[in-house]
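Close look at the chain arrangement
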Amino acid sequence: GIDAFFGRKPSLDFKLGHGAIDKFKIGSPTQLHITAAEKLRMPGWRQRDMAEMPQAPSTPALEDVVPRNMRQPRVAPAWMKHDKQVLRFYGFFQEHVTERPDENSRYRQVSFMYYMEDGTLQLSEPKIENSGIPQGMFLKRHRVPRADGVGFVGPDDLRCGEQIHIYGRTYQITGCDRFTRWFYEENGIDVGEDEPMVEDLWQKSYKFTKTAEKGGLPITTQAMDAKTLTKFQVGQPPADKKFQQFLLNDRKVLRFKGYWDDPTLYGARIYLVVHYYLADNKVEVNEAHARNSGRDAYPVFFKRGPLYKRNSGTAYPGMLVSDGGLYHPEDLFVGQSMNVWGRDVTLYDCDDFTQQFYKEFMDLDQKANCIDVSEKPLRHLKLAPPPHNGIGTEEDSLINCQMIMPKAHKPDVAKLMVLSGENLRFEAKMINGEPEDECRRFCIAFFPDTDRTAVYELQVRNSGHMGGKFREKNRIKNPETGKYFELKDFYVGKTVTICAQPFQIIRADEHCLQFLEARADDFPWASAASCARRLQPILGAPELQDQGGVDPDRLKELAEQNGIDLVDHEIITLLRGFGMDTDRGPVVCGPRLQEAC
């Protein structure tokens, strides 16, 4: 009600002579309560407890590694496992035929296509020309129920040599394809042996009729005797040899490939095809025109007719001539020539039928004498570009000779981005033999980003020459190689020719040496290991066994005595890699050099 009291009752009270007392007495705290209270006194107790708790090793889940569209289910469904897999069986069914005197039934061939991805079955009948029966799709693809009404037709219902009932019609399965047989064998199921295809009366009579129409049936003895008797009765002589030759060799042609070299002023080699007709011993020669040959499209070179080895004329028309002198198959050989009305035609190849004919009747291998008539590839001489006239760069001038609308030369962008701002400096002196130039010093600067070179003269007191630019920065050709100067052309001890003046490089700055050592593969003189391996023949010298080291000049002398030509840059590399300072100057430590080898 409205007078209800909702206040909380106090748990502490005061008693006379006792002080504060607890109305709700609770038992003494346990050790677990005391430990929890001690933890609460220190901040961060939750983080410390979580760190001390044992944690299971974290293994990445499959969902974290494989994308969702690439995951494979643990049990693959049928539409995925048997995708595009079809079992093909062959069979037939018997159909009743009425009102036909020559047949009372007909066998119709069908193909069973069972799709394993969804368990559907499709039947199709191959089309036969002029059959008069609508053929093709016989049963559309769907799940076919069994004849007993329990389930649908599956792979267990299809076997070779067995019958299957589909929609009231009985089919005899006679065979299957290779994949179907392999699939059943992999699953340990015997699919059965293939059966021969059956033929009905109409198919047998149809094949017999077609064979007879094409003349495939041999003539009977009675018919042959009747023909011969009839010819004698009407006064006709028996068939002559030419007629027999025609009957035996009709449509049999020997085909040779040949060529004739036209000896006229503007003549050329003409390739020909020679046909020899075995039916009447006549020859035909046609030209084998190539594309864009420029010749008229009339291939006949020699019209079909008898071809004589030697041509001769008669005194008057109708004069009898000898039948000899004709070309026969035994006169035609690959690798030899034949006379075609005064033209020597060389035979260089033949077809497979001709090769088989000669192999069978004459035991002659025509292919063994084939001649290779393939023309050598034409080699077109390319004009050298004109020399550079000094105006602009050589690349720009060369592009003007190669293109009608020249484009700017494309620089090496990757090289510019990596080596931009690099400047390799070498100190050199002029060694042209002039006394006044001996004290002059020069700085050869090489810019590896564009392979440009510049030469500056250093100011030397009382030399009589002013310091400054000696050769502006540009790509300069090396007279020794004929190519532009590269980084490998500059090293200490090398003499280079710039502006017709010989410069001997005597030193290189620290940045240049570090740059070359970082690219020891391209600059072998800056590789300490490569230089040490070159000194393997002299590692047994007493000077190299000394812990005090060997003088660089003495090391160079030892190398020269053993046929090793060390350049000054390699000596500097050995000092930087295996050198040590002594009272007599920097020396090369022999033991360290041996360890590097």
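Rules of the game
- Residues numbered from 1 in each chain as written.
- Predicted model: local features only at pLDDT ≥ 70, side-chain atom pairs only at ≥ 80, totals over all residues.
- Heavy atoms only, no water.
- Helix = DSSP H or I, 4+ residues; strand = E, 2+ residues; numbered from the N terminus.
- Rg over C-alpha atoms; globule rule 2.2 N^0.38 Å.
- Buried < 20%, exposed > 50% of the residue type's maximum accessible area, 1.4 Å probe, protein only.
- Areas by Shrake-Rupley, 256 points an atom, 1.4 Å probe, with all protein chains shown as cover.
- Lys, Arg positive; Asp, Glu negative; His and termini not counted.
- Charge placed at Lys NZ, Arg CZ, Asp CG, Glu CD.
- Phe/Tyr/Trp six-rings, centres within 6.5 Å; stacked < 30°, edge-to-face > 60°.
- Lys NZ or Arg CZ within 6 Å of the ring centre and 35° of its normal.
- Patch = residues over 30% accessible without salt bridge, like charges linked within 9 Å, V, L, I, M, F, W, Y side chains within 5 Å.
- Salt bridge = Lys/Arg side-chain N within 4 Å of Asp/Glu carboxyl O.
- Axes fitted to C-alpha atoms, helices over the stretch in contact; angles between N-to-C directions.
- Parallel < 35°, antiparallel > 145°, perpendicular 65-115°, else oblique.
- Contact = heavy atoms within 4.5 Å.
- Nonpolar A, V, L, I, M, F, W, Y, C, P; charged D, E, K, R; others polar.
- Pairing = 2+ DSSP bridges.
- Core = buried A, V, L, I, M, F, W, Y, C linked by side-chain atoms within 4.5 Å.
- Arc of directions from axis to C-beta.

Once that is clear, we can look at the overall build of the chain. Per the secondary structure count, the chain includes 17 helices and 22 strands. For 597 residues, the compact-globule formula gives about 25 Å, and the C-alpha radius of gyration of the chain, at 52 Å, lies well above that figure. Overall, the C-alpha framework of the chain stretches about 150 × 125 × 60 Å when taken along its three principal axes. When each of the 597 residues of the chain is scored for burial, the buried share is 27%. For the chain, the computed accessible surface area is about 42500 Å², with 53% contributed by carbon and sulfur atoms. Here the chain contributes 79 positively and 86 negatively charged side chains, and the mean placements of these two sets differ by 5 Å.

Using the criterion set out here, one finds 25 aromatic pairs in the structure. Taking 5.8 Å as the distance between ring centres and 55° as the angle between the ring planes, the aromatic pair formed by Trp-260 and Phe-301 counts as tilted. Here the residue Trp-260 occupies a position in strand E9 (residues 253-261), and Phe-301 occupies one in strand E12 (residues 300-305), the gap between them amounting to 41 residues. Here Phe-301 falls in the partly exposed class, since its relative accessible area comes to 22%. Considering the side-chain rings of Phe-426 and Phe-490, the 6.0 Å spacing of their centres and the 25° angle between planes classify their relative orientation as stacked. One end of the pair, Phe-426, is in strand E15 (residues 424-430); the other, Phe-490, is in the loop between strand E18 (468-474) and strand E19 (495-498), and 64 residues separate them in sequence. A relative accessible area of 1% means that Phe-426 is categorised as buried. Chaining the aromatic ring pairs together yields one cluster made of Phe-89, Phe-179, Trp-182, Phe-183 and Tyr-184. Cation over ring: Arg-141 sits above Tyr-115, and NZ or CZ is 3.7 Å from the ring centre. Looking at Arg-269, its charged tip hangs above the ring of Tyr-259, at a distance of 4.0 Å from the centre.

Bringing a negative patch on the surface into the picture now. Taken together, Glu-185, Glu-186, Asp-190 and Glu-193 make up a surface patch of like negative charges. In this structure, Asp-190 sits in the loop between helix H5 (178-186) and helix H6 (201-213).

Before going further, it helps to spend a moment on the packing of helix H12 (residues 510-518) against helix H16 (residues 568-578). In contact at an axis separation of 12 Å, H12 and H16 are set at 85° when each is read in the N-to-C sense. It follows from the interaxial angle that H12 and H16 lie roughly perpendicular. For the pair formed by H12 and H16, the contact residues are Glu-510, Leu-513, Gln-514, Leu-516 and Glu-517 on the first element and His-569, Ile-572 and Arg-576 on the second. The residue makeup of the contact of H12 with H16, split by class, is 3 nonpolar, 2 polar and 3 charged.

Within E15, 5 of the 7 residues are buried, leaving the element largely enclosed by the surrounding structure. Pairing analysis gives 6 bridges linking E15 to strand E16 (residues 441-447), with the strands arranged antiparallel. By the bridge assignment for E16, Lys-429 is matched with Arg-441. Across 5 bridges, the pairing between E15 and strand E20 (residues 501-508) is antiparallel. Residue pairing for E20: Glu-427 is matched across the bridge by Arg-507.

Together, Phe-243, Phe-246 and Leu-247 make up a nonpolar patch on the protein surface, roughly 280 Å² of accessible area in all. Looking at the secondary structure, you find Phe-243 in helix H8 (residues 241-249).

Residues Ile-444, Phe-490, Ile-498 and Phe-503 are the most contacted members of the largest nonpolar core, which totals 24 residues. Of all the secondary-structure elements, those providing two or more residues to this core are E15, E16, E19, E20 and H12. Ranked by the residues each element gives to this core, the list is headed by E15, at 4 residues. Once residues within four sequence positions are removed from consideration, Phe-503 is found in contact with Ala-428, Lys-429, Met-430, Phe-442, Ile-444, Phe-470, Lys-494, Thr-495, Val-496 and Ile-498.

All of the buried residues in helix H9 (residues 352-361) are Thr-354, Gln-355, Phe-357 and Tyr-358. End-on view of H9: buried residues confined to an arc of 160°, all on one side of the axis. With respect to the buried face of H9, the exposed residues turned more than 90 degrees away are Asp-352, Gln-356 and Glu-360. Against E9 and strand E14 (343-350) lie the buried residues of H9. Following H9 by one or two positions, Asp-363 adopts a phi angle in the positive range, close to 50°.

A separate point is the sheet that holds E9. Across the sheet, which stays open at both edges, the 6 strands sit in the order E12-E11-E10-E9-E14-E13 with antiparallel pairing between neighbours. The sheet terminates laterally at E12 and strand E13 (337-340), the two strands that pair on one side only. Shown here is a sheet whose adjacent strand axes are inclined to one another by a mean of 35°, direction ignored. Judged from the 4 bridges that link them, E13 and E14 form a sheet pairing that is antiparallel. Note that in E14 the partner of Ser-337 across the bridge is Thr-346. Against the sheet, H9 touches E9 and E14, its axis set at about 110° to E9.

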